Amino acid sequence: QVQLVESGGGSVQSGGSLRLSCAASGYTASTYCMGWFRQAPGKEREGVAYITTYGTTRYGDSVKGRFTISRDNAKSILSLQMNSLKAEDTAMYYCAAVPTRTKLCTLRAGDYRDWGQGTQVTVSS
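Everything numeric in this text was worked out from a predicted model, so none of it was measured.

Colleague: Is there a simple way to explain the pattern of salt bridges in this structure?
Modeller: When their charged atoms lie close together, side chains carrying opposite charge are able to pair. Considering all chains together, one arrives at six salt bridges under this definition. A salt bridge links R38 to D89, with the shortest nitrogen-to-oxygen separation between them at 2.9 Å. A residue pair is termed long-range when its members are at least 10 positions apart, and R38 in strand β4 (residues 32–39) and D89 in the loop between β8 (77–82) and β9 (91–99) qualify at 51 residues. With respect to burial, R38 and D89 carry one shared label: buried. Among the salt bridges present, the one from K64 reaches D61, with a minimum N-O distance of 3.1 Å. Connected through shared salt-bridge partners, R38, E46, R66 and D89 make up one network.

Okay, structure coming up:
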């Protein structure tokens, strides 16, 4: 049974930093995409960043240069380092994953199969 468990959310002032982690278990696929998504009240779920099994990354335009995604395949842990946080980064953040037979991943929420329960990030201005 696949399970994704996020941690590390919290409240921080504008300009501060947070680090999110996602522990993955139950995966049998050799390659899979992993990503971070976020959803603010009244808004659609937004792709923040993804990373492939081979370490290729891509970021949403709103977080480029401020957020860094990484993964430890041996420990099955996905991380998101968030720096220079802004009030508009406030949202519920979700870890997601999907097995893949290609090296291609996306920032589209609908392309991901497995989801964590989410962790809240609140940035005060």
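Colleague: Just to check I follow, could you spell out the state of the cysteines for this structure?
Modeller: Should the sulfur atoms of two cysteines be covalently bonded, the bond is a disulfide. Tallied over the full model, the rule gives two disulfides. The disulfide that involves C22 links it to C95, with 2.1 Å between the sulfurs. Since a negative S-S torsion denotes a left-handed disulfide, the C22-C95 link at about -70° is left-handed. Highlighted residues: C22 in strand β3 (residues 18–25) and C95 in strand β9, separated in sequence by 73 residues. An identical accessibility class is assigned to C22 and C95; each is buried. Linked covalently through their sulfurs, C33 and C105 form a disulfide whose S-S length is 2.0 Å.

Colleague: Is there a simple way to explain the packing of aromatic side chains in this structure?
Modeller: Aromatic ring pairs are reported here in terms of the distance separating the ring centres and the angle at which the planes meet. Taken as a whole and assessed by the stated rule, the structure comprises four aromatic pairs. Ring geometry for Y27 versus Y32: centroids 4.5 Å apart, planes at 10°, classification stacked. Exposure remark for Y32: the relative accessible area of 8% places this residue in the buried category. Following the ring pairs from residue to residue traces out a cluster consisting of F37, Y94, Y112 and W115. Just above the ring of Y94 sits the side chain of R45; from NZ or CZ to the centre is 3.9 Å. Note that R71 overlies the ring of Y32, its terminal NZ or CZ placed 4.8 Å from the centroid.

Cut-offs used in this document
- Residues numbered from 1 in each chain as written.
- Predicted model: local features only at pLDDT ≥ 70, side-chain atom pairs only at ≥ 80, totals over all residues.
- Heavy atoms only, no water.
- Salt bridge = Lys/Arg side-chain N within 4 Å of Asp/Glu carboxyl O.
- Helix = DSSP H or I, 4+ residues; strand = E, 2+ residues; numbered from the N terminus.
- Buried < 20%, exposed > 50% of the residue type's maximum accessible area, 1.4 Å probe, protein only.
- Disulfide = S-S within 2.5 Å.
- Phe/Tyr/Trp six-rings, centres within 6.5 Å; stacked < 30°, edge-to-face > 60°.
- Lys NZ or Arg CZ within 6 Å of the ring centre and 35° of its normal.

Geometry only, nothing functional implied.
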